[in-house]
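Notes for the structure review
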Amino acid sequence: FTVGRYTRPPRITGVEVRSAGAELLFEWESGFGEFYVVEQFTEALGWTEVEDGIDSGGLTTRYAVGPAPVGAPVLLYRVREE
């Protein structure tokens, strides 16, 4: 989102694991009227979309994805603006 003249990527400010890993809830800084993509990294596929077209919730957006892949020792996620 834009701060002054500069655009910076969204920053994830919170992650919550719900229902024993059946759902992951992310919270990030966002801008009004913006749309976002949540992506996940796996060694086999690289970065892949988990969900796109996520409408901004205002100054912060919360979005749940799930379930986490079984057997993944490390999970990497990122949020980017569409």
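Now for a look at the structure at hand. On a predicted model such as this, the values are computed, not experimentally measured, just so you know. (Residues numbered from 1 in each chain as written. Predicted model: local features only at pLDDT ≥ 70, side-chain atom pairs only at ≥ 80, totals over all residues. Heavy atoms only, no water.)

Before going further, it helps to spend a moment on the sheet that holds strand S3 (residues 12–18). The pairing of strands in a sheet happens through backbone hydrogen bonds and is either parallel or antiparallel. An order of S3-S4-S7 is seen for the 3 strands of this open sheet, with the pairing classed as antiparallel. What marks the edges here is a single partner per strand, and that holds for S3 and strand S7 (60–65). Between one strand axis and the next, the sheet turns through 15 degrees on average, direction left out of account. Strand direction decides the pairing type here: S3 and strand S4 (residues 23–29), joined by 6 bridges, are antiparallel. What sits directly across from Gly14, in S4, is Glu27. (Pairing = 2+ DSSP bridges. Helix = DSSP H or I, 4+ residues; strand = E, 2+ residues; numbered from the N terminus. Axes fitted to C-alpha atoms, helices over the stretch in contact; angles between N-to-C directions.)

With that out of the way, let us pick up the pattern of salt bridges. One pass over the full model with this rule turns up 7 salt bridges. Across the pair Arg18 and Glu23 runs a salt bridge, and its minimum N-O distance is 3.4 Å. Arg18 sits in the partly exposed class, given a relative accessible area of 30%. With a relative accessible area of 28%, Glu23 lands in the partly exposed category. (Salt bridge = Lys/Arg side-chain N within 4 Å of Asp/Glu carboxyl O. Buried < 20%, exposed > 50% of the residue type's maximum accessible area, 1.4 Å probe, protein only.)

So, about the pairing of strand S6 (residues 46–55). By the bridge criterion, 7 bridges tie strand S5 (residues 35–42) to S6 in an arrangement that is antiparallel. Looking at S6, one finds that Gln40 is bridged to Thr48. Hairpin geometry of S5 and S6 is characterised by an intervening segment of 3 residues between the two adjacent antiparallel strands.

One open sheet accounts for 3 strands, arranged S6-S5-S8; its pairing is antiparallel. This sheet does not close on itself; its edge strands, each paired only once, are S6 and strand S8 (76–81). In this sheet, neighbouring strand axes are inclined to one another by 25 degrees on average, regardless of whether the strands run parallel or antiparallel.

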